[in-house]
Amino acid sequence: MSAMFEVRDLRVLYGGHPVVEIPRLTIEEEEVLAIIGPNGSGKSTLLRVLALLEKPAEGQVCFKGQPINYKRSLLPYRRRLALVMQHPILRNTSTFENAATGLRFRHLPEREVKRRVSNWLNKLGIAHLDKRNAHTLSGGESQRACLARALSLEPDLLLLDEPFAALDEPSRVSLIDDLQNILNEVSVTTVFVTHDRSEALIFGKKVAVMMGGRIQQLGTPEEVFSKPSNEAVAAFVGADNIISGLVSKAQNGLVSVDAHEREIVAIGSYAVGERLVLCIRPEDVVIEPYSSAAPITSARNKLKGRVVRCTPLGPQYRVVLDCDFPLVSLISKQSFQELSLVERAEVIASFKASGVHIIGKRV
Amino acid sequence: MSAMFEVRDLRVLYGGHPVVEIPRLTIEEEEVLAIIGPNGSGKSTLLRVLALLEKPAEGQVCFKGQPINYKRSLLPYRRRLALVMQHPILRNTSTFENAATGLRFRHLPEREVKRRVSNWLNKLGIAHLDKRNAHTLSGGESQRACLARALSLEPDLLLLDEPFAALDEPSRVSLIDDLQNILNEVSVTTVFVTHDRSEALIFGKKVAVMMGGRIQQLGTPEEVFSKPSNEAVAAFVGADNIISGLVSKAQNGLVSVDAHEREIVAIGSYAVGERLVLCIRPEDVVIEPYSSAAPITSARNKLKGRVVRCTPLGPQYRVVLDCDFPLVSLISKQSFQELSLVERAEVIASFKASGVHIIGKRV
Amino acid sequence: CASGSKQDTPPPSGPKETGSKEVILATTTSTYDTGLLDMLLPEFQSKTGYLVKPIAVGTGHALAMAARGEADVLLVHAPEDEEEFMRAGNGLDRRLVMHNDFFLVGPPDDPANIKGSRNAAEALAKVEQARAIFISRGDDSGTHKKEKEVWVKSGIKPSGAWYQESGQGMGETLIITSEKRGYTLTDRGTYLALKKSLNLAVLLEKDPILLNIYHVIQVNPAKSPAVNSAGGKALAEYMVAKETQELIGSFGVDKYGEPLFTPDAGKNENELK
Amino acid sequence: MDLIIDGIVQAFWLVVRGDPDVMRVIYLSLLVSGSATLISLFIGVPLGTLMALSRFRGRGFTLSLVNTGMGMPPVVVGLVVSILLWRSGPLGLLHIMYTPAAMVVAQVIIASPIVTGISMAAIAQLDPRLRMQMLGLGASRWQMLWVLFQEARLPLLTALMAGFGGVISEVGAVMMVGGNIKGQTRVLTTATVLETGRGEFGIAIALGIILLLLAYLVNLTLTHLQQQGRPQQ
Amino acid sequence: MDLIIDGIVQAFWLVVRGDPDVMRVIYLSLLVSGSATLISLFIGVPLGTLMALSRFRGRGFTLSLVNTGMGMPPVVVGLVVSILLWRSGPLGLLHIMYTPAAMVVAQVIIASPIVTGISMAAIAQLDPRLRMQMLGLGASRWQMLWVLFQEARLPLLTALMAGFGGVISEVGAVMMVGGNIKGQTRVLTTATVLETGRGEFGIAIALGIILLLLAYLVNLTLTHLQQQGRPQQ
Ligand SMILES: Nc1ncnc2c1ncn2[C@@H]1O[C@H](COP(=O)(O)OP(=O)(O)OP(=O)(O)O)[C@@H](O)[C@H]1O
Ligand SMILES: Nc1ncnc2c1ncn2[C@@H]1O[C@H](COP(=O)(O)OP(=O)(O)OP(=O)(O)O)[C@@H](O)[C@H]1O
Ligand SMILES: [Mg+2]
Ligand SMILES: [Mg+2]
């Protein structure tokens, strides 16, 4: 694997304000990079820079080691990529012609155009709409048409900006499945923006978290979702429990943190008296009835608490406990029913020390 | 509660084809109705009919018992509702003016306009963009602006078409929370379209499943998600395991169904020899190691099977088993790790009889 | 400045090998609108091989063009301006071609009662006294100049709401006069052409001052190297040639029952009055 | 070339001196063409909007008619209006022939198809969902249209300027129905024709320059108005 | 009124008889105005597109100039072109004064601002994201422009028709630079003026009607071409 793109000291300004600021970003060949981040954090802007649609105010974009010269024709680069923009932008012509747009730009023979476009319209489930004016398509159908248009190009580099946002869930799941297979087969370098954490998890081989125009963290999905590099990333990727406290004990790679008068055990080496920020993922918090005989488990932390609120969240329940500090737990519907949780019920919340992530020191 | 809207024998035709066909639909006052369904199923079209933006080819729309007369002015009705369309449509002016659009139509005093708009821009986190031209907003910022525009109207009826599709996840969760509170407080009748099942679950007091222009099921979220009325709905709302077989035994309200040579016990009264379609939600399927001593549980079904594939799905794993028929289970990451599942491993899949839902007879 | 006097002009010669075949004739709209040139020019072109481009514009426009060497030959009817033009050395040869006449027209019921006046000057004085509407061309055309000459003769400086300037060609001015029930001075050709759609009567004619005399002037090739002197000369000579003069004499008889112009080649301007 | 320079110098002096005759001509030009443009806006914008928004039968045919109307020769318009307004004509009783009113009538006929055609294209080019969204926010029909006009302000300004430009520069029709009567119906274009006919090319060009300056000022004012109150980009 | 009816009847007969003089005049009108429109398309559409797409300084000023250009009086254009093309003028050596070529030059000057202004509004009204999306699919600069033109085909057709309508109906400039020479530079409008001057109002109206018919046919053809190959709605 070698670098397809390298971005250095990038700064994009809008109205004088920096919208994207990236000291360095490398995208390897055949890599699938997911970019997540809150609205307005500059994800689409970065994608436009990678598509060479935006000349950055400062910095360099290198394509396969060669710095891009914006004064020369960018066509050779652009012919190797396919972009799906966040809003489906379709021309006022048939769905077929829309999907064929990029192929026509490349002067492909008519037979080949027909073959590829039909194939992709089929895969995306809109083959029956091929003769329809694209402006009459529904939201999801438009997005499929845009995907078909990009995918039929069989590009070296795919740039997708929230490509599944308008798709219904079954279609999205099966499409992601399909795409994953295709990307594995033909090894297309892919950069895609999403606000759906699970899409990033499933799809990305690497995940970049963008916030305020900067890449806050870049790593494997595991890394990013289990070890957020700072509080903001942690809050964004969904580690709801962020607790701070002072180290009260430290030995054998385990630290005890005194948080709101409770002791929390975590893995790490810190000095006594240091102030730490801890992060506990709600999925990692197990709830058991207070009355139950303490069973043998590997959970080192067991905190007594009271149920404050239970909210259904799809097939799960989000239970907020009061353990002198708020602690959130996600449990299955079955468990919820079995535990017959009600407000103000007393329970034990347990979680493993390895489930406690130390984000960093707070001053 | 009385009916705000009643739709009778509705048919909307596009290019001669029926796109929406609804014999009867009632929307009670203060109800929150979620419409889900695959792309192109006519959800947006139905919303347009309810907003009186589309005159149906056939049928009647009654507003508070009065049939709408499309020849008369529809303004009095429209002034009571606020619509957020699927694509954010913003005027080429400032974000503030965009958000104020509906209020200006209603000739509200300037002070009141300022108050309401600022309030909502704030709540939606785009107060700092108020002077910016709305065409420079990012995807999510645009959607927020559209929401602010509709919500500041404080209407009797809110029509939202995938209003959160472009929002990042933390914003979406907090916004849904906020909205839920507001809707509870001021009792706004709300119809909203979504392709996100969990949004429908959280938000809707009723859920309508639309497919091919027809409402396939309408009921509480519980009903729709646990008791899909037919195979298509079941497939769409995510009951991945759909198995058919012949009733081999029937007693005490329990039936045994012979499916692919395996016996599945379910709750229900059917005659021996009848062919049933069963639906088992993946979350309800528990996996335990084959070697383990059979523990005492309430699970009536225990099937031996082999692991075919494991896919990470956010904080969960989707495990496909081969029990002579494919059976899908969703388990937590911890369980996955504890069970140390590998392909071709032998396991026991267990699920309770009450977890098996009988969709209907197949002919 | 003498007008041309040779009756026996030699037959016009063709364009020389080196000379341009294109001859630009700057003329007034009145000659053009009557259709006279449409009759005369094809004849000339087929005889000589020259290509004539008749440019019909206002008199002032025609003279200004010619003074800049933008035309090769002029056919105009503003004697005083023509003399001025010759004095400035812009023309080579000014020859009398033909004349017709002007006359005063007005509403058939003649509210200013000018019918029966002794001459044009007296008639105009009556118009002024009656404060009847008088429409002047006001465009420094030959007709306008003639009108001003008559006013001078009557000793009146016309001004006031009754005296209006149309600033347009003869045809338009006649229509305006008819619509406004006014009086105006017109040339014969235009009046006859428009007669059927006008509600105007001829109220005074045949005053010697009202002669409308056309001259042909060859543009001085010294003014500009681009001037086609041979072609200009040939066309000028064609205009005064005997056969041409006969054609002019018969022009309009079939349409109006009377000739529109009187051929005058070789005559002296003064002997017409 | 000397003539053009001469023209520029004369234009300068005419304006600086404030020659009352010239001022009157300028005033009348603005008055007649301004009114005519305004009236054609009131005809053309609604008509164009109607054609853009509704899908009636024969829309294509009407569109061709409007487009054809852009090619209506001013001379013929002048002639037809004259025939109607002459004393002998069906509207002769109005007695407006050879008055500024008649000129306005003729210019309205010339400008309306231009304004209609461009407005129609401007409105038709807008996203149809904008209309729906505005109605869905409680806009009355007029408020919805007002929003459409605001969104299409650039092409509508072009429609306005093309209409104004078409009539302020037009000479065939005003000449015929106005009569170019000094002090009454003489406007910049007819004065230019007159001076050209007199061979006063310098003055003619000067008048043309004044006319262009006028159009430019009108334009600048409109563009300025249009740009006001725009949010930051 | 009888004059108008007379005109219609005469127009019918002129066309049916196929009067060679009239045919020649029609042919020349189409040739001159057609070429002029075509050339102004090649000037105006790129210029308008440039102004719509790039954000150079003084864009607002240029826009005002273009809009002002729509108000350029044909008489002045005719005069200035004459001055340039006259034998004594700087371009006299071309020897195209009083030829159809000179008429085309004058009409190009008249039509270009119209085409530029409307094209500019048409392209500026398109969603700027369309451009990005097309480039992001590998469009070359020309291919991207081609897509823009296709998307803006309705207003661009309006630009074309307004340009064509402006020049085919124009008389001041062609009269001056063409000279209205029979069989050489006489077009429908100058013939109409001539017939009006001769008091032949019926024939004048007939010629006007023929001109409008011609514009209508051109229009119908263009609209038809534009509608071809559209997908089902
Ligand atoms: N012309 C402009 N002037 C000032 N700021 C701008 C301009 N255009 C965009 N921005 C801002 O730049 C920021 C980044 O925009 P971008 O579209 O890249 O965000 P994003 O991460 O894609 O967000 P989303 O998830 O909402 O799509 C936004 O806050 C946006 O408002
Ligand atoms: N003018 C038209 N002619 C024919 N079919 C049309 C037309 N307009 C819309 N349709 C079709 O009507 C169907 C319903 O569209 P609608 O926008 O209501 O779908 P939707 O349920 O909102 O889908 P999505 O989830 O993709 O937004 C779609 O299949 C669409 O293609
Ligand atoms: Mg974005
Ligand atoms: Mg939709």
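Analysis parameters
Residues numbered from 1 in each chain as written. Chains lettered and ligands numbered in written order. Predicted model: local features only at pLDDT ≥ 70, side-chain atom pairs only at ≥ 80, totals over all residues. Heavy atoms only, no water. Contact = heavy atoms within 4.5 Å. Salt bridge = Lys/Arg side-chain N within 4 Å of Asp/Glu carboxyl O. Polar contact = N/O pair within 3.5 Å; in protein donor to acceptor, adjacent residues only side chain to side chain. Helix = DSSP H or I, 4+ residues; strand = E, 2+ residues; numbered from the N terminus. Least-squares fit on C-alpha atoms with pLDDT ≥ 70 in both. Donors = N, O, S within 2.8 Å, 3.2 Å for Na, K, Ca; no water. Buried < 20%, exposed > 50% of the residue type's maximum accessible area, 1.4 Å probe, protein only. 1 Å grid on protein atoms, 1.4 Å probe; cavity = no way out; pocket = protein on both sides within 12 Å on 5 of 7 lines; lining within 4 Å. Points joined across faces, edges and corners; volume = space filled by probe spheres on them. Nonpolar A, V, L, I, M, F, W, Y, C, P; charged D, E, K, R; others polar. Near = heavy atom within 4 Å. Areas by Shrake-Rupley, 256 points an atom, 1.4 Å probe, with all protein chains shown as cover. Buried area = accessible area lost by both parts, 1.4 Å probe. pLDDT = per-residue confidence, 0-100. Phe/Tyr/Trp six-rings, centres within 6.5 Å; stacked < 30°, edge-to-face > 60°. Lys NZ or Arg CZ within 6 Å of the ring centre and 35° of its normal. Core = buried A, V, L, I, M, F, W, Y, C linked by side-chain atoms within 4.5 Å. Expected span 1.5 Å × (residues − 1). Arc of directions from axis to C-beta. Pairing = 2+ DSSP bridges. Axes fitted to C-alpha atoms, helices over the stretch in contact; angles between N-to-C directions. Parallel < 35°, antiparallel > 145°, perpendicular 65-115°, else oblique. Domains from an automatic or database assignment.

A. View of the interface of chain E and chain D. Contacts between the two partners involve 58 residues from chain E and, on the opposite side, 57 residues from chain D. Where chain E packs against chain D, one counts 0 salt bridges. Taken together, the links from chain E to chain D amount to 3 residue pairs in polar contact (both at pLDDT 80 or more). The dominant element in the side of chain E that touches chain D, judged by the number of residues it contributes, is helix H11 (residues 201–227) of chain E, at 11 residues.

B. A look at the relation of the copies chain E and chain D. Overlay of chain E on chain D (RMSD 0.1 Å): rotation 180°, translation along the axis 0.0 Å. In symmetry terms, the pair is related by a two-fold rotation axis. Comparing interface residues between copies, 98% of those in chain E also lie at the interface in chain D; the contact surface is shared.

C. View of the coordination of the magnesium ion (ligand 4). Residues and elements named next belong to chain B. Protein-derived coordination of the magnesium ion (ligand 4) comes from Ser44 (OG) and Gln86 (OE1), at a distance range of 1.9 to 2.2 Å. Highlighted residues: Ser44 in helix H1 (residues 43–50) and Gln86 in the loop between strand E6 (81–84) and helix H3 (95–105), separated in sequence by 42 residues. Gln86 matches Ser44 in its accessibility class, with the two residues each being buried.

D. Spotlight on empty space enclosed by the protein. Inspection of the entire model under this criterion finds 10 cavities of 30 Å³ or more. In this structure, the largest cavity spans a volume of roughly 1100 Å³. In terms of lining residues, the largest cavity is bounded by 48 residues, among which C:Thr29, C:Glu172, D:Val193, E:Met175 and E:Val193 are the most central. With 5 residues, helix H10 (residues 188–197) of chain E is the largest single contributor of residues to the lining of the largest cavity. Looking at the lining of the largest cavity residue by residue, the class counts come to 20 nonpolar, 24 polar and 4 charged. Counted as a void, the second largest cavity has a volume near 410 Å³. In this structure, the second largest cavity is lined by 26 residues; those nearest its centre are D:Pro74, D:Gly166, D:Ser169, E:Gly166 and E:Ser169. Those elements giving two or more residues to the lining of the second largest cavity turn out to be helix H5 (100–124) and helix H8 (153–168) of chain D together with helix H5 (100–124) and helix H8 (153–168) of chain E.

E. Focus on the pattern of salt bridges. Residues and elements named next belong to chain C. Within this structure, the stated rule accounts for 67 salt bridges over all chains. In this structure, Lys146 engages Glu149 in a salt bridge whose closest nitrogen and oxygen atoms are separated by 3.5 Å. Note that Lys146 and Glu149 are positioned in helix H6 (residues 142–154) at a spacing of 3 residues, about one turn of the helix. Residue class for Lys146 comes out buried when judged on its relative accessible area of 9%. Because the salt bridges share partners, they merge into one network encompassing Asp101, Arg188, Glu205, Lys206 and Glu258.

F. Region of interest: the site of ligand 2. The local shell around ligand 2 holds 17 residues, among which A:Ser138, A:Gly140, A:Glu141, B:Ser44 and B:Thr45 are the closest. Chains contributing residues near ligand 2 are chains A, B and E. For ligand 2, an oxygen atom lies 2.9 Å from a polar atom in the backbone of B:Gly42. Bound to the protein, ligand 2 loses 89% of the 640 Å² it would expose on its own. When contributions to the shell around ligand 2 are tallied by element, the ones reaching two or more residues are helix H5 (139–151) of chain A together with H1 of chain B.

G. Spotlight on the site of ligand 1. A:Ser44, A:Thr45, B:Ser138, B:Gly140 and B:Glu141 are the nearest of the 17 residues found near ligand 1. Chains contributing residues near ligand 1 are chains A, B and D. A distance of 2.8 Å separates an oxygen atom of ligand 1 from a polar backbone atom of A:Gly40. The separation between an oxygen atom of ligand 1 and a polar main-chain atom of A:Gly42 is 2.9 Å. At the level of secondary structure, the elements contributing two or more residues to the shell around ligand 1 comprise helix H1 (43–50) of chain A together with helix H5 (139–151) of chain B.

H. A look at the interface of chain D and chain B. On the chain B side, the residues contacting the 21 residues of chain D number 31 residues. Overall, the association of chain D and chain B removes approximately 2200 Å² of surface from exposure, summing both partners, and the carbon and sulfur fraction of that is 59%. Along the contact surface separating chain D from chain B lie 0 salt bridges. Counting across the interface, chain D meets chain B through 11 residue pairs in polar contact (both at pLDDT 80 or more). Counting only elements with at least two residues in the side of chain D that touches chain B, the list comes to helix H6 (128–135) and helix H7 (141–151) of chain D. When residues of the side of chain D that touches chain B are assigned to their parent elements, the largest contribution, 6 residues, is made by H6(D). Considering only residue class, the side of chain D that touches chain B consists of 8 nonpolar, 8 polar and 5 charged.

I. Quick look at the confidence of the model for chain D. Model confidence for chain D is summarised by a mean pLDDT of 89, while 97% of its residues fall at 70 or above. Among the scores for the predicted complex, ipTM is 0.83 and pTM is 0.85.

J. Focus on the packing of aromatic side chains. Enumeration according to the criterion identifies 19 aromatic pairs over all chains in this entry. Taken together, a centroid distance of 5.4 Å and an interplanar angle of 75° make the contact between D:Phe12 and D:Trp13 edge-to-face. Judged by its relative accessible area of 45%, D:Trp13 falls in the partly exposed class. Here the aromatic residues C:Phe134, C:Trp151, C:Trp162 and C:Tyr163 are joined through ring pairs into a cluster of three or more. Taking the ring centre of A:Trp120 as reference, the NZ or CZ of A:Lys123 above it sits at 4.7 Å.

K. Representation of the nonpolar core. A:Leu10, A:Val61, A:Leu147, A:Leu159 and A:Val209 are the most contacted members of the largest nonpolar core, which totals 107 residues. Broken down by element, the residue count for this core peaks at 6 residues, all from H5(A). Residues in contact with A:Leu159, not counting those within four places in the same chain, are A:Leu47, A:Leu50, A:Ala51, A:Leu81, A:Ala82, A:Leu83, A:Val84 and A:Val191. Of all hydrophobic cores here, the second largest spans 102 residues; its members include B:Ile35, B:Ala208, D:Ala122 and D:Leu126.

L. Main features of helix H1 (residues 2–17) of chain E. Residues and elements named next belong to chain E. In this model, H1 (16 residues) spans 22 Å end to end at C-alpha, consistent with the 22 Å of a helix rising 1.5 Å per residue. Every buried residue of H1 is accounted for by Ile4, Gly7, Ala11 and Leu14. Projected down its long axis, H1 carries its buried residues within an arc of 80°, all on one side. For H1, the exposed residues set more than 90 degrees away from the buried face come down to Asp2, Ile5 and Arg17. Note on H1: the residue one or two positions beyond its end, Gly18, has a positive phi of about 65°.

M. Representation of the coordination of the magnesium ion (ligand 3) within the structure. At the metal site, the magnesium ion (ligand 3) is ligated by A:Ser44 (OG) and A:Gln86 (OE1), and these contacts range over 1.9 to 2.2 Å. A:Ser44 sits in the buried class, given a relative accessible area of 17%.

N. A look at the sheet that holds strand E8 (residues 189–193) of chain B. Residue and element names in this part refer to chain B. Read from one edge of the open sheet, 6 strands run E6-E7-E8-E3-E9-E10, paired in mixed fashion. In this open sheet, the two strands that pair with only one neighbour each are E6 and strand E10 (214–219). Sheet twist, expressed as the average angle between the axes of neighbouring strands with direction ignored, equals 15°. Relative to E8, strand E7 (residues 157–161) runs parallel, the two sharing 5 bridges. Along E8, the bridge assignment pairs Asp161 with Val193.

O. Molecular detail of the packing of helix H9 (residues 229–240) of chain C against helix H10 (residues 242–250) of chain C. Residues and elements named next belong to chain C. Between H9 and H10, whose axes approach to 5 Å, the crossing angle comes to 55°. Overall, the two elements H9 and H10 adopt an arrangement that is oblique. Taking contact as the criterion, the partners of Tyr238, Met239 and Val240 in H9 are, on H10, Lys242, Thr244, Gln245, Leu247 and Ile248. A breakdown of the residues in the contact of H9 with H10 according to their chemical character gives 5 nonpolar, 2 polar and 1 charged.

P. The domain arrangement of chain A, seen in detail. Residues and elements named next belong to chain A. Examined at the domain level, chain A breaks down into domain 1 (3–236) and domain 2 (241–361). With 9 residues of domain 1 at the contact, the number on the domain 2 side is 6 residues. Surface buried jointly by domain 1 and domain 2 totals about 540 Å² across both partners, of which 67% is contributed by carbon and sulfur atoms. Per-residue buried area on domain 1 facing domain 2 is highest for Phe225, Pro228 and Glu231; these three make up 55% of the total on that side. At the boundary of domain 1 and domain 2, one finds 0 salt bridges. Of all the secondary structure elements, the ones that give two or more residues to the side of domain 1 that touches domain 2 are helix H8 (221–226) and helix H9 (231–237). No other element matches H9, which puts 3 residues into the side of domain 1 that touches domain 2. Taken together, the residues of the side of domain 1 that touches domain 2 break down into 4 nonpolar, 3 polar and 2 charged.

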